[in-house]
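Observations on the three-dimensional arrangement
Here's the letter readout for the chains.
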Amino acid sequence: SQTIHQWPATLVQPVGSPLSLECTVEGTSNPNLYWYRQAAGRGLQLLFYSVGIGQISSEVPQNLSASRPQDRQFILSSKKLLLSDSGFYLCAWSTRGHSNEQFFGPGTRLTVL
Amino acid sequence: KQEVTQIPAALSVPEGENLVLNCSFTDSAIYNLQWFRQDPGKGLTSLLLIQSSQREQTSGRLNASLDKSSGRSTLYIAASQPGDSATYLCAVGGHTGGFKTIFGAGTRLFVKA
């Protein structure tokens, strides 16, 4: 069966510090991968998605970047965090194709102070 | 631009009651619609996926319907239990952009014992 992992589970970082969140998927090959952010009291916002190694599409201009160095690894990064980067970050995967179900990881709670 | 709205924002019901959660979307050109459950501080759990060619899906006490022409979906929960207490999110798989999924803000459900 497929599983998706995210770490760390929680993170407290000062403004201006770098960020690296990691997501890995097991039990599937060539998945589509997604990064979402969920701000308090708001819906999920798609940040990045990837259809293959090194292929990243950005949905919104922001202080963050994403990379996919391996087929089942997706990394969210920032060089300098802002207060507004605080939120709940969720990684998701789906099989290839437009009509396929998305499955989510457990999330990372990021607090920028 | 696709917009997804969920009504009501919050709902409190006594245990055993049948209930309906509503989701509406503005662009009927969708690939699929997915219902998720989210417990506080946790990731999303997929409940039901309805493809654009389908009218409904059922899983246990849950039934989701889709009416593309009117831009509506409902999630019916039969014989609600305190363990059903969570936030329920509706997500529409978009036609434009290929892999873009738009989420509603969710309905927070509380089932009283």
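Check the entry above for the structure.
In this report, the structure presented in the accompanying data block is examined. Given the structure is predicted, the values throughout are model-derived calculations rather than measurements.

Here the focus is the interface of chain B and chain A. Between chain B and chain A, the contact holds 21 residues from the first and 22 residues from the second. For the pair chain B and chain A, the summed buried area comes to about 1,700 Å², and 56% of that belongs to carbon and sulfur atoms. Inspection of the chain B/chain A interface yields zero salt bridges. Counting across the chain B and chain A interface gives four residue pairs in polar contact (both at pLDDT 80 or more). Counting residues per element, the side of chain B that touches chain A draws most heavily on strand E4 (residues 30-38) of chain B, which supplies five residues. For the side of chain B that touches chain A, a count of residues per class yields eight nonpolar, eleven polar and two charged.

The next subject is the sheet that holds strand E3 (residues 19-26) of chain A. Residues and elements named next belong to chain A. The strand order across the open sheet formed by four strands is E1-E3-E8-E7, and the pairing between neighbours is antiparallel. In this open sheet, the two edge strands, each paired with only one partner strand, are strand E1 (3-7) and strand E7 (65-70). Shown here is a sheet whose adjacent strand axes are inclined to one another by a mean of 20 degrees, direction ignored. Where E7 lies against strand E8 (residues 73-78), four bridges are found, and the strand directions are antiparallel. Pairing of glutamine 70 across the sheet is with glutamine 73, part of E8.

All names here are of chain A. Of all the nine residues making up strand E5 (residues 44-52), seven are buried; the element is thus mostly covered by neighbouring parts of the structure. Relative to E5, strand E4 (residues 32-38) runs antiparallel, the two being bridged by six bridges. Bridged to tryptophan 35 within E5 is phenylalanine 48. Pairing of E5 with strand E6 (residues 55-58), which is carried by three bridges, proceeds in the antiparallel orientation. When the bridges of E6 are listed, phenylalanine 48 appears paired with serine 58. Connecting E5 to the next strand, E6, in antiparallel fashion are two residues, including glycine 54 with a positive phi near 75 degrees.

Leu33, Trp35, Leu75 and Tyr88 of chain B are the most contacted members of the largest nonpolar core, which has 24 residues in total. For this core, the secondary structure elements donating two or more residues are strand E3 (19-25), E4, strand E5 (44-51), strand E7 (62-67), strand E8 (72-77), strand E9 (86-94) and strand E11 (107-112) of chain B. Those residues within four positions of leucine 33 of chain B in sequence are excluded, and the remaining contacts are Cys23, Phe25, Leu48, Leu49, Ile50, Leu66, Ser73, Cys90, Ala91 and Val92 of chain B. Residues Leu19, Leu64, Phe74 and Leu81 of chain A belong to the second largest nonpolar core, which totals 20 residues.

What follows deals with the packing of aromatic side chains. A full pass over the atoms with the stated rule returns eight aromatic pairs over all chains. Measuring from ring centre to ring centre gives 5.3 Å for phenylalanine 104 of chain A and phenylalanine 36 of chain B, while their planes differ by 85 degrees; the resulting arrangement is edge-to-face. With phenylalanine 104 of chain A in strand E10 (residues 103-104) and phenylalanine 36 of chain B in strand E4, the pair connects residues from two separate chains.

Quick notes on the rules
Residues numbered from 1 in each chain as written. Chains lettered and ligands numbered in written order. Predicted model: local features only at pLDDT ≥ 70, side-chain atom pairs only at ≥ 80, totals over all residues. Heavy atoms only, no water. Contact = heavy atoms within 4.5 Å. Buried area = accessible area lost by both parts, 1.4 Å probe. Salt bridge = Lys/Arg side-chain N within 4 Å of Asp/Glu carboxyl O. Polar contact = N/O pair within 3.5 Å; in protein donor to acceptor, adjacent residues only side chain to side chain. Helix = DSSP H or I, 4+ residues; strand = E, 2+ residues; numbered from the N terminus. Nonpolar A, V, L, I, M, F, W, Y, C, P; charged D, E, K, R; others polar. Pairing = 2+ DSSP bridges. Axes fitted to C-alpha atoms, helices over the stretch in contact; angles between N-to-C directions. Buried < 20%, exposed > 50% of the residue type's maximum accessible area, 1.4 Å probe, protein only. Core = buried A, V, L, I, M, F, W, Y, C linked by side-chain atoms within 4.5 Å. Phe/Tyr/Trp six-rings, centres within 6.5 Å; stacked < 30°, edge-to-face > 60°.

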